[in-house]
Amino acid sequence: NLSICGYYCNFAANMRVRLFVIFSVLSLSVSAMEQTDTVASAPARKGIISRIINYFSESNRSYPTKKFDFSVIGGPHYSSDSKFGVGLMGAGLYRTSEGDSLTVSIYADATTAGHFKVGVCGTHIFPGDRQRLTYDVNFSRIATRFWGIGYEECRDDNNETKYNYLNSQVRVNYRWRLGNHFYLGPLAAVDYIKANDITRPELWHGEASHTFNLGVGALMEYDSRDNLSNAFHGTFLRVEQQFNPRFLGNKYAFSSTKIHASHYSPLWKGAILAATADCVFTYGDTPWGLLSTFGGSYNMRGYFEGRYRDKSAITACVELRQHIWHRNGITLWGGAGTVFSKFSEITSRSVLPNYGIGYRWEFKQRVNVRLDLGFGRGTTGFIFSINEAF
């Protein structure tokens, strides 16, 4: 079982445009170099383009004798939200002893619109899968938008306001296997969140623009998937309970319950039906930066991440994944989601639709590069990422 933590950056062009930009620049450089360096008597050497093509063509091969297998992918991107940017993702698979596996990802992204994010995440599966350690440490500075709190405020386009979002985040959890596919263990989370350059403070409902949040809790997992990053069959259930009490130094005392469930079933040759549901409930004085929300690369793809936010959120999605040819595949998905502070607030109007289509390319064995085009109510979004959405 191998897992790669995800990294994403938005695209406004398609993959062919992106590859054309990268390889066109490299082609010009290589042509100049090869014309200068060519010697009649010298043996034929592979050019940079050939090396790059060879690198990607062999990236999904397995090397059992290598203790550390590290690959890098990245390049320019553009979207109407983040403008021009450059993203980079490094994925490493290695073993510290026989019977265990460890994956680590280093990711970074910077854009001309003021988006910047850097981090490292990974999963260590101990020998015999008796314990699992997962971590994610990242820092981000994002020039983004805010619509308010609650469905009614967030759906109003006139509430859109710009601000700068800063976040330093640490997530660590350790769990033991207590039975067949069953895991239990503690978790810890640290968040420092700050909003700068706020132009419409009334949308924050009087809350502090910056908060420090320290939380502890426990999580339970049932995991019968055949692979953590790209399952073909099995079930995954995760229940997480976190507490942020005032005696730990939190200005806002609150707690949260998160439930994630997903199931994977093979249909016919090369086809997988994947389904998932997420429920996030918060109680107490939840700060604005840790309210339940959706959107972005993994949940309700196509919606602006963080536009809809409230104390609770529920989303669901069903996705068909079809292998097409060699390392290529496509996906189709449909789903829905909503945010609310009380169950009585949920109406048919507040349930937002989500659907889309995606392309998959096998970067490493059971690790896909994905390009998704997602649609929602009045919104569309491109996503480029490593690994499946769920």
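Residues numbered from 1 in each chain as written. Predicted model: local features only at pLDDT ≥ 70, side-chain atom pairs only at ≥ 80, totals over all residues. Heavy atoms only, no water.

**Topic: the overall build of the chain**
Condition: Each helix is a run of DSSP H or I of at least 4 residues and each strand a run of E of at least 2, with the numbering of both proceeding from the N terminus. In what follows, residue pairs with any heavy atoms lying within 4.5 Å of each other are defined as contacts. For every accessible area listed, the method is Shrake-Rupley and the probe measures 1.4 Å; residues are considered covered only by the protein chains on display.
From N to C terminus, the chain includes 3 helices and 19 strands. A separation threshold of at least 6 residues defines the contact pool for the chain, and within that pool the share at least 24 residues apart is 58%. With the model as given, the accessible surface of the chain reaches about 19,000 Å², and the carbon-plus-sulfur share is 62%.

**Quick look at the side chain of N250**
Quick note on the threshold: Remark: exposure states derive from per-residue accessible area (1.4 Å probe, protein chains only) relative to the maximum for the residue type, with buried under 20%, exposed over 50%, and partly exposed in between. Pairs of N or O atoms within 3.5 Å make up the polar contacts considered here, provided that, within protein, one atom can donate a hydrogen while the other can accept it, and that residues adjacent in sequence are counted only when both atoms are side-chain atoms.
Inspection of the secondary structure assignment puts N250 in the loop between β10 (234–244) and β11 (254–266). Judged by relative accessible area, N250 falls into the buried class, the value being 2%. A distance of 2.7 Å separates a polar side-chain atom of N250 from the backbone nitrogen of L214. Other than its neighbours up to four places away in sequence, N250 contacts F212, N213, L214, N244 and P245.

**With respect to the side chain of S224**
Here S224 lies in the loop between β9 (210–223) and β10. By relative accessible area, S224 is classed as buried at 19%.

**Describing the pairing of β11**
Cut-off, in case you're wondering: One bridge is not enough; two strands pair if DSSP finds at least two bridges between them.
As judged from the 11 bridges shared by β10 and β11, these two strands associate in the antiparallel manner. Residue pairing in the sheet places G234 in a bridge with Y264 of β11. As consecutive antiparallel partners, β11 and strand β12 (residues 271–284) are separated by 4 residues, and within that stretch G270 has a phi angle of approximately 80°, a positive value.

**Let's talk about the environment of N299**
Within the secondary structure, N299 sits in the loop between β13 (292–293) and β14 (309–310). For the pair N299 and A316, spaced 17 residues apart in sequence, the C-alpha to C-alpha distance is 8.6 Å. Of the polar contacts made by the side chain of N299, one reaches the side chain of T315; its length is 3.2 Å.

**Quick notes on the environment of A231**
Inspection of the secondary structure puts A231 in the loop between β9 and β10. Each C-alpha atom of the pair A231 and A274 lies 8.7 Å from the other, and the pair is 43 residues apart in sequence. The residues contacting A231, other than those within four sequence positions of it, are R225, D226, Y264, I272, R321 and R366.

**Here's the deal with the packing of aromatic side chains**
Spelled out, the test is: Ring pairs are drawn from Phe, Tyr and Trp, using the six-membered ring of Trp, whenever the two centres fall within 6.5 Å, and their geometry is named by plane angle: stacked under 30 degrees, edge-to-face over 60, tilted for the rest. Criterion for a charge above a ring: Arg CZ or Lys NZ at most 6 Å from the ring centre, at most 35 degrees from the ring normal.
Tallied over the entire structure, the rule returns 19 aromatic pairs. The structure contains a cluster of three or more aromatic residues connected by ring pairs, namely F146, Y163, Y165, W204 and W288. Here R321 stacks its cationic end above the ring of F390, 4.9 Å away from the centre of that ring. Here R366 stacks its cationic end above the ring of F232, 3.6 Å away from the centre of that ring.

**Considering the confidence of the model for the chain**
Cut-off, in case you're wondering: Values of pLDDT, which run from 0 to 100, indicate the predictor's confidence residue by residue.
In the predicted model, the chain carries a mean pLDDT of 81, and the fraction of residues at 70 or more is 74%. Scored below 50 in pLDDT, residues 1–42 makes 97 contacts in the model with residues more than four places away or belonging to other chains.

**Focus: the pattern of salt bridges**
Convention followed: Each reported salt bridge corresponds to a side-chain nitrogen of Lys or Arg within 4 Å of a carboxyl oxygen of Asp or Glu.
Using the criterion set out here, one finds 20 salt bridges in the structure. Between R307 and D157 there is a salt bridge, with its nearest N and O atoms 2.6 Å apart. With R307 in the loop between β13 and β14 and D157 in the loop between α3 (151–154) and β7 (161–179), this pair connects stretches of sequence that are 150 residues apart. As a salt-bridge pair, R360 and D372 come within 2.8 Å of each other at their nearest N and O atoms. Pair noted here: R360 is in strand β17 (residues 352–364) and D372 is in strand β18 (residues 367–376), with a separation of 12 residues, a long-range link. Here R360 falls in the buried class, since its relative accessible area comes to 5%. For D372, a relative accessible area of 0% puts it in the buried group. One connected set of salt bridges, linked through shared partners, spans R301, E319, R321, R360, R370, D372 and E388.

**So, the pairing of strand β16 (residues 328–340)**
Pairing between strand β15 (residues 312–325) and β16: 13 bridges, direction antiparallel. Residue pairing across strands places R321 opposite T331, the latter belonging to β16. Hairpin connection of β15 to β16: 2 residues between the antiparallel strands, including H326 at a positive phi of 50°. Of the strand pairs in this sheet, β16 and β17 are connected by 10 bridges, and their pairing is antiparallel. When the bridges of β17 are listed, G337 appears paired with L352.

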